[in-house]
Amino acid sequence: MDFYHICFFLFYFFVKPTSPQLLINVKNQGGDVMQENITANVSEDTVTLEFLRLDGVYVSQLVDFTNEVEAMKVVIPGEEELGQFGYQTLCFLSHAAQADFIAPDAMAKLRQKNPGTVRVAEEDKGWRQSTATAWGGRAVRLLSAAAARHCAAARDRVYLRAADLARWPPRPGLDPSSPGSAVTPFPEHALTSDSSDGKPAVPPCLTETDSSKECICHLELCVNWYPCGLKYCKGKPQGGLSYRCGIKTCRRCHRQQYYVRRRDVCYSHT
Ligand SMILES: *[C@@H]1O[C@H](CO)[C@@H](O)[C@H](O)[C@H]1NC(C)=O
Ligand SMILES: *[C@@H]1O[C@H](CO)[C@@H](O)[C@H](O)[C@H]1NC(C)=O
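Residues numbered from 1 in each chain as written. Chains lettered and ligands numbered in written order. Predicted model: local features only at pLDDT ≥ 70, side-chain atom pairs only at ≥ 80, totals over all residues. Heavy atoms only, no water.

## Brief notes about the site of ligand 2
Step number 1: In the vicinity of ligand 2, the contacting residues are Asn 41, Ser 43, Glu 44 and Arg 149.
Step number 2: The side chain of Asn 41 places a nitrogen or oxygen atom 2.3 Å from an oxygen atom of ligand 2.
Step number 3: One nitrogen or oxygen atom from the side chain of Glu 44 is found 2.8 Å from an oxygen atom belonging to ligand 2.
Step number 4: About the coverage of ligand 2: the protein hides 37% of its 360 Å² of free accessible area.
Step number 5: Grouping the amino acids of the shell around ligand 2 by side-chain chemistry returns no nonpolar, two polar and two charged. (Near = heavy atom within 4 Å. Polar contact = N/O pair within 3.5 Å; in protein donor to acceptor, adjacent residues only side chain to side chain. Areas by Shrake-Rupley, 256 points an atom, 1.4 Å probe, with all protein chains shown as cover. Nonpolar A, V, L, I, M, F, W, Y, C, P; charged D, E, K, R; others polar.)

## Brief notes about the sheet that holds strand S12 (residues 158-160)
Step number 1: Taken together, 10 strands build an open sheet; the order of strands is S9-S2-S3-S4-S5-S6-S7-S12-S11-S13 and the sheet is mixed. The open sheet has two edge strands with one neighbour each: strand S9 (118-119) and strand S13 (184-185).
Step number 2: Of the pairings in the sheet, the one linking strand S3 (residues 33-41) to strand S4 (residues 46-52) comprises six bridges and is antiparallel in character. Residue pairing across strands places Ile 38 opposite Leu 49, the latter belonging to S4. (Pairing = 2+ DSSP bridges. Helix = DSSP H or I, 4+ residues; strand = E, 2+ residues; numbered from the N terminus.)

## Considerations on the pattern of salt bridges
Pairing is possible between side chains that carry opposite charge, provided their charged atoms lie close to one another.
Step number 1: Applying the stated rule across the entire model yields 12 salt bridges.
Step number 2: Of the charged contacts, one joins Lys 231 and Glu 122 as a salt bridge, the two residues approaching to 2.8 Å between their closest N and O atoms. Here Lys 231, found in strand S14 (residues 215-234), pairs with Glu 122, found in the loop between S9 and strand S10 (123-131); they are 109 residues apart in sequence, far enough to count as distant.
Step number 3: Residue Asp 124 pairs with Arg 251 through a salt bridge whose shortest N-O separation is 3.4 Å. Linking Asp 124 in strand S10 with Arg 251 in strand S15 (residues 242-260), this pair joins segments that are 127 residues apart in sequence.
Step number 4: Several salt bridges converge on common partners, so that one network encompasses Asp 100, Lys 125 and Arg 252. (Salt bridge = Lys/Arg side-chain N within 4 Å of Asp/Glu carboxyl O.)

## Comments concerning the state of the cysteines
Simply put, disulfide is the name for a covalent bond between the sulfur atoms of two cysteines.
Step number 1: The full count for this structure, using the stated rule, is six disulfides.
Step number 2: For Cys 222, the disulfide goes to Cys 253, at an S-S distance of 2.1 Å. With the S-S dihedral at roughly 105°, the linkage between Cys 222 and Cys 253 falls on the right-handed side. Taken together, the residues Cys 222 in strand S14 and Cys 253 in strand S15 connect sequence positions 31 residues apart. Like Cys 222, the residue Cys 253 is buried in the burial classification.
Step number 3: With cysteine numbering restricted to those in disulfides and following the sequence, the protein chain has the pairing 1-2, 3-4, 5-12, 6-11, 7-10, 8-9. (Disulfide = S-S within 2.5 Å. Buried < 20%, exposed > 50% of the residue type's maximum accessible area, 1.4 Å probe, protein only.)

Shown next, in the form of structure tokens:
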């Protein structure tokens, strides 16, 4: 596909980033079109991408660049025939791979040439598997005030990998060598995958038949389109120098695993 059919331009010198919000029509792999809303907050140094899936699941991904924190919020409607009512809000915190999302200042200056166009990402980054090992607890606020606000509705359903704590720059009050003081690790038996009979100590929720038993819940979601890099052009407008003239776009899917104390609180049936 030719770049000019993707048709994004960065008007670096003309657009004042006053209302930095983009509504993008995106085609998913099933061929359905959904709308993504991407908002940059330059003063907070964050980008938020949100969309509503056709099955009613709402996804909102926040990237906090200053603090290198990514917070994936998911709101899942319950299935009444499984005894689940209302909505459940979950949040998954991870270390933000800086290179993967373009920065808020560039994001804020991005405008679409043809806003109605249905877009497909140029590059498929495949699946990213992530196994949470702890509840976020007090660490969430210490890691990122923006993520803490973003995840407020998830309350105690904020999950992370304790190993990620060592990847973040040190925070006052957060000692990576004893993460137990700020996060609440899952029970020991839920973290070890092999027991004497070779079966995982805690089964996946899909195979657990007793709704009051603990299990490992799985959640799959795809961000079908996001700006994952800048493109550089050489040309006359800038006197032959290379300049930022567009964006590279990507698609990425996430498979999240996390421990639940009862199967009936596992709302994601994937
Ligand atoms: C897009 O997201 C922003 C920030 O969350 C929100 O204020 C705005 O109402 C959203 N717009 C649409 C059309 O969803
Ligand atoms: C950006 O974030 C700051 C700090 O949270 C907030 O006060 C401000 O309203 C946000 N700006 C926009 C445009 O959302």
